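Structure at a glance
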Amino acid sequence: MSAAPAELEAGRAAGPDGAAVRVPWLMYGTAWKEDATADCVSRALDAGFRAIDTANQRKHYHEAGVGEALRAALDGGRVSRDALFVQTKFTFARGQDHRLPYDPRAPIGEQVAQSARRSLAHLGLERLDSLVLHGPAQAVGLTDADWAAWQAMERLVDEGVTRALGVSNVGADQLDELAGLARIRPAFVQNRCYASRGWDARVRKVADRHGVVYQGFSLLTANRRELEAPAVEALAAARGATVPQLVFRFAAALGMLPLTGTTSSEHMREDLAARDLALGEDDVAALLACGR
Ligand SMILES: NC(=O)c1ccc[n+]([C@@H]2O[C@H](COP(=O)([O-])OP(=O)(O)OC[C@H]3O[C@@H](n4cnc5c(N)ncnc54)[C@H](OP(=O)(O)O)[C@@H]3O)[C@@H](O)[C@H]2O)c1
């Protein structure tokens with residue numbers, strides 16, 4: 001049986017104090033919630049989520065709405081800052097709409113610094129737990145722009161603006177190059193996780209080799225066909241669980257840090273309760289194979 005997921009420890013090299021960054025086993029994702037963002041985050045905190053993912057990319061995220069909920073919960077004593085893990089992202093201009101959080105004429109390094117300062121203001125925090133490069137400039141390889149962004153992110157670790165760094169939407173070779181050459185390695189990689197690619201097996205393998213924690217997103221929405229298979233539904237039923245519960249618990253058993261993007265309070269509670277689901281090695285093997 002796979003043991004209930006403990007808090008992950010990520011980023012051995014992270015933080016000026018050298019301390020590892022602790023992350024709860026399941027993260028709440030705030031994309032596409034627009035005006036409902038603050039309400040969703042507030043209910044997620046009440047349900048028990050302590051890890052929150054956002055981005056300074058107004059096109060898909062409302063970071064200031066996340067901040068509104070965090071401030072209310074912190075000021076009201078419902079959560080303590082130390083118990084929270086707050087992650088946001090720097091997004092290149094091509095991934096933004098007209099609501100840019102920086103001057104697009106500034107050098108990339110300055111754009112990163114401006115974006116991070118705006119993130120702190122939006123979130124009402126003095127420091128971030130993780131700052132993620134939302135995606136490299138191109139699909140293959142790392143460019144000068146990627147390195148300029150990463151070096152600016154490293155300076156933000158030096159300055160105590162963020163405790164750890166991450167990278168998102170990367171291929172295995174890009175992660176290998178970044179983790180192999182960066183002065184401050186990524187503590188996290190965040191990718192859309194397809195069952196048809198062995199649940200992103202190539203990237204997870206490289207992440208493991210470099211001690212990078214893999215964050216999996218769209219675990220439900222990217223795998224609708226696979227998760228509707230009668231065998232998967234039967235497996236969930238046999239465990240007295242829902243399919244989303246099975247998937248999040250399975251992801252944790254693989255060593256992933258899963259994200260859930262639900263807007264429903266019932267699903268929030270359901271997803272968190274998946275922690276206590278007992279999964280056997282056979283269950284893990286069956287789910288690993290379901291995308292083939
Ligand atoms: N780095 C990137 O480029 C990137 C890209 C995409 C996403 N992300 C992050 O990943 C997060 C999650 O992504 P996602 O929204 O695609 O996630 P998801 O958890 O795969 O999908 C959420 C959808 O599944 C539905 N759902 C049904 N039952 C559910 C259950 N028990 N638990 C959760 N959802 C259930 C939700 O509906 P209900 O609301 O009715 O529950 C919602 O429509 C985002 O919010 C964002 O933070 C990052």
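A short tour of the structure in this document, coming up.

The next point concerns the site of the ligand. With respect to spatial proximity, 23 residues lie near the ligand, and among them G29, F217, P244, G261 and T262 are the closest. Those elements giving two or more residues to the shell around the ligand turn out to be strand 10 (257-260) and helix 10 (265-273). When its residues are assigned to classes, the shell around the ligand shows six nonpolar, 14 polar and three charged.

Contact geometry for helix 5 (residues 172-181) and helix 6 (residues 201-210): axes closest at 8 Å, N-to-C directions at 15°. Accordingly, the angle class assigned to the pair helix 5 and helix 6 is roughly parallel. Our pair here, helix 5 against helix 6, has a crossing hand that is right-handed. On helix 6, the residues touching A172, L175, D176 and A179 of helix 5 are R202, V203, V206, A207 and H210.

Alternating positions in strand 10 separate into two faces, L257 and L259 on one and P258 and T260 on the other, with burial throughout. In the sheet, strand 3 (residues 27-29) pairs with strand 10 via two bridges, with the strands oriented parallel. Among the inter-strand pairings, Y28 is bridged to a residue of strand 10, identified as T260. Relative to strand 10, strand 9 (residues 213-217) runs parallel, the two sharing two bridges. Across the sheet, the residue bridging to G216 is P258, located in strand 10.

So, on to the sheet that holds strand 10. In space, the eight strands of this closed barrel follow the order 3-4-5-6-7-8-9-10, with parallel pairing throughout. Within the sheet, the average angular offset between the axes of one strand and its neighbour, ignoring direction, is 25°. Both strand 6 (residues 128-133) and strand 7 (residues 162-168) contribute to a ladder of five bridges, which runs parallel. Residue pairing for strand 7: V132 is matched across the bridge by G166.

Think of an α-helix as 3.6 residues a turn; residues three or four steps apart then line up on the same face. Residues V232, L235 and A236 constitute the buried set of helix 8 (residues 230-238). The buried residues of helix 8 occupy one face: seen down the axis, they fall within an arc of 95°. Counted as exposed and oriented over 90 degrees from the buried face of helix 8: P230, A231, A234, A237 and A238. Structurally, helix 8 contributes buried residues whose contacts are with helix 7 (224-227), helix 9 (243-253) and helix 11 (281-289). Among the residues trailing helix 8, G240 stands out with phi positive, at a value near 65°.

A few words now on the packing of helix 1 (residues 37-47) against helix 2 (residues 63-75). Two numbers describe how helix 1 lies on helix 2: the axes approach to 7 Å, and their chain directions differ by 40°. Relative to helix 2, helix 1 is oriented oblique. Between helix 1 and helix 2 lies a crossing of right-handed hand. Across from T37, A38, V41, S42 and L45 in helix 1, the residues of helix 2 making contact are G65, V66, E68, A69, L70, A72 and A73.

What follows is about the environment of A195. Summarising the element assignment, A195 is placed in the loop between strand 8 (188-192) and helix 6. Setting aside its immediate chain neighbours within four residues, A195 contacts N223, E226, C290 and G291.

Looking now at helix 3 (residues 108-123). With 16 residues, helix 3 should reach 22 Å at 1.5 Å per residue; the first-to-last C-alpha distance of 22 Å fits that figure. Buried residues in helix 3 make contact with helix 2, strand 5 (85-90), strand 6 and helix 4 (144-158). Directly after helix 3, the chain includes G124, whose backbone phi takes a positive value near 70°.

This part covers unusual backbone geometry. Not every positive phi belongs to a glycine, and W32 is a case in point at roughly 65°. With respect to the helices and strands, the residue W32 is situated in the loop between strand 3 and helix 1. A positive phi angle, close to 55°, is found at W199, a residue other than glycine. Of note, W199 is situated in the loop between strand 8 and helix 6.

The element strand 8 is extensively covered by neighbouring structure, given that four of its five residues are classed as buried. When strand 7 meets strand 8, the two strands line up parallel, connected through three bridges. By the bridge assignment, S168 is partnered in strand 8 with Q190. In terms of handedness, the path from strand 7 via helix 5 over to strand 8 forms a crossover that is right-handed. Across five bridges, the pairing between strand 8 and strand 9 is parallel. In the sheet register, F188 faces strand 9, and the bridge partner there is V213. Note on the crossover from strand 8 through helix 6 to strand 9: the handedness is right-handed.

Cut-offs used in this document
- Numbers given to residues run from 1 along each chain, matching the order in which its sequence is written.
- Side-chain atom pairs in this predicted model are given and counted only at pLDDT of 80 or more, local residue features only at pLDDT of at least 70, and totals for whole chains, interfaces and linings cover all residues.
- Placing the C-beta atom from the backbone, one calls a residue near a molecule or strand if that atom lies within 6 Å of it.
- Strands here are runs of E lasting at least two residues and helices are runs of H or I lasting at least four, both read from the DSSP assignment and numbered beginning at the N terminus.
- Ten residue types, Ala, Val, Leu, Ile, Met, Phe, Trp, Tyr, Cys and Pro, are classed as nonpolar, four, Asp, Glu, Lys and Arg, as charged, and the remainder, Gly among them, as polar.
- Here an axis means a line fitted to C-alpha atoms, over the contact stretch when the element is a helix, while the angle between two N-to-C directions is reported on a 0 to 180 degree scale.
- Geometric relationships in this document are graded by angle, where less than 35 degrees denotes roughly parallel, more than 145 denotes roughly antiparallel, 65 to 115 denotes roughly perpendicular, and other angles denote oblique.
- Definitions for this section: a left-handed crossing has its near helix turned counterclockwise from the far helix by less than a right angle. A right-handed crossing has that turn clockwise.
- A pair of residues counts as a contact when their C-beta atoms, built from backbone coordinates, are within 7 Å of each other.
- Exposed residues have 12 or fewer other C-beta atoms within 10 Å of their own C-beta, buried residues have 20 or more, and residues in between are partly exposed; the C-beta atoms are placed from the backbone.
- Between any two strands, at least two bridges found by DSSP are needed for them to pair.
- As used here, the arc is the angular range of directions from the helix axis to the C-beta atoms.
- How far a helix is expected to stretch is found by multiplying one less than its residue total by 1.5 Å.
- We call a crossover right-handed when, viewed with the strands running away from us, the connection from the first strand over the helix to the second turns clockwise.

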